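Listed below, chain by chain, are the residues.
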Amino acid sequence: MSKQIRLGILTPSSNTALEPLTFQIVASTPNVSVHFSRFPVTEINLSAKGLAQFDHSVIMQAAQLLADAEVDMIGWSGTAAGWMGFESDEKLCEAITKATGIPATTSVLALNKALDIFKVKKLGLVTPYLDDVQESIMKNYNAIGIEITSKTECHLRIVKNSGIALVGEDVLETLVGQVVEGGAEAVSTFCTNLVAAHKVELWEAKYGVPVLDTVTTVTWDMLRQCGVDTKAIKGWGRIFQET
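Quick caveat, the model's predicted, so the values are computed rather than measured. (Residues numbered from 1 in each chain as written. Predicted model: local features only at pLDDT ≥ 70, side-chain atom pairs only at ≥ 80, totals over all residues. Heavy atoms only, no water.)

S.K.: Lay out the sheet that holds strand β2 (residues 32–39) in plain terms, naming residues and giving numbers.
M.R.: Reading across the sheet, the 4 strands line up as β2-β1-β3-β4 and stay open at both edges, with parallel pairing between neighbours. Both edges of this open sheet fall to β2 and β4 (104–106), since each of them pairs with a single strand only. Taken over all neighbouring pairs, the strand axes of this sheet differ in orientation by 25° on average, direction set aside. Here 4 bridges tie strand β1 (residues 5–12) to strand β3 (residues 73–76), and the two strands are oriented parallel to one another. Bridging across to β3, Gly-8 finds its partner in Ile-74. Here helix α6 (residues 107–117) sits on the sheet and contacts β3 and β4; the angle it forms with β4, its principal contact strand, is near 75°. Those strands touched by helix α11 (residues 214–225) are β1, β2, β3 and β4, and its axis lies near 165° from that of β3. (Pairing = 2+ DSSP bridges. Helix = DSSP H or I, 4+ residues; strand = E, 2+ residues; numbered from the N terminus. Axes fitted to C-alpha atoms, helices over the stretch in contact; angles between N-to-C directions. Contact = heavy atoms within 4.5 Å.)

S.K.: I'd love a proper account of the packing of aromatic side chains, names of residues and values included.
M.R.: Per the stated rule, a full pass over the model turns up 7 aromatic pairs. Centre to centre, the rings of Phe-39 and Trp-76 are 5.2 Å apart; their planes meet at 55°, and the pair counts as tilted. Taken as a pair, Phe-39 in strand β2 and Trp-76 in strand β3 lie far apart in primary sequence, 37 residues in all. Both residues of the pair, Phe-39 and Trp-76, belong to the buried class. (Phe/Tyr/Trp six-rings, centres within 6.5 Å; stacked < 30°, edge-to-face > 60°. Buried < 20%, exposed > 50% of the residue type's maximum accessible area, 1.4 Å probe, protein only.)

S.K.: Any chance you could break down the side chain of Gln-53 for me, citing the residues and the numbers?
M.R.: Here Gln-53 shows up in the loop between α2 (48–52) and α3 (56–68). Within the local environment of Gln-53, its side chain forms a polar contact with the backbone oxygen of Gly-50, the two atoms lying 2.9 Å apart. Dropping the residues within four chain positions of it, Gln-53 is found in contact with Phe-39, Pro-40, Val-41, Thr-42 and Glu-43. (Polar contact = N/O pair within 3.5 Å; in protein donor to acceptor, adjacent residues only side chain to side chain.)

S.K.: Kindly report on the sheet that holds strand β6 (residues 153–155), identifying the contributing residues and their values.
M.R.: With parallel pairing, the 3 strands of this open sheet are ordered in space as β6-β5-β7. Every other strand in the sheet has two partners, leaving β6 and β7 (186–189) as the edge strands with one partner each. For this sheet the average axis-to-axis angle between neighbouring strands, irrespective of direction, equals 10°. In the sheet, strand β5 (residues 123–127) pairs with β7 via 4 bridges, with the strands oriented parallel.

S.K.: Explain helix α10 (residues 200–207) to me, and be specific about the residues and the numbers.
M.R.: If you check which residues of α10 are buried, you get Val-200, Trp-203 and Glu-204. Buried residues of α10 fall within an arc of 100° about the axis and therefore sit on the same side. Residues of α10 that are exposed and point over 90 degrees away from its buried face: Ala-205 and Lys-206. On its buried face, α10 is in contact with α9 (169–181), β7 and α12 (238–241). Of the residues trailing α10, Gly-208 is marked for its positive phi of about 75°. (Arc of directions from axis to C-beta.)

S.K.: Provide a residue-level description of the environment of Ala-63, including the pertinent values.
M.R.: Relative to the elements of secondary structure, Ala-63 occurs in helix α3. With relative accessibility at 0%, the residue Ala-63 sits in the buried group. Counting along the chain gives 12 residues from Ala-63 to Gly-75, while the straight-line C-alpha distance between them is 9.0 Å. If we ignore the near neighbours within four places in the chain, the residues touching Ala-63 are Leu-10, Ile-74 and Ile-96.

This is the structure:
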């Protein structure tokens, strides 16, 4: 009998997309269960209030609750490090492991691993965020040699996090197509409250490039680090089959 693996997912309180999508992703792996812990996040902007939502002391309380369930790994299913800096997630993972003894990863750190595996140098960035948030994400990726230009980015200028989950699939498909047309070698749907992960395989077939959704990336990295053969997960994109 296969060892039961418990994944613990840190979740923004107003997110309604990532939980059902994550459950669906792991549905074909019967020895894997997923458990969630929330902390307050209601808006995405660069104000002091907006940034304070992602203070590590707040996130750590939610992580400790997952540790109480004796999960095998903790994943932060969120993208704040995109605008706050990748080192923010690195420090968070270190703090979680130091406090709980449980290894940790994040959507953004996992995305960066996947970009390296796929040897992506020109990324298409699709987000629901404001102009200044998008600019910060672009700056951080350009700084590590992943080029994002005005032709390979699209964003929707949404502040209220709960509203992000209402963005339609047709809108997202149009944006993915636009950044591919702009020259992207791969695309990231970069927000875990976008209802996008289930469309990845369709978009990959249509546009011919890897599509790396941030709900998917953290789940993939957690499974991989827990020793799960991700090739058993079909219908959720090239990341599970080619890495």
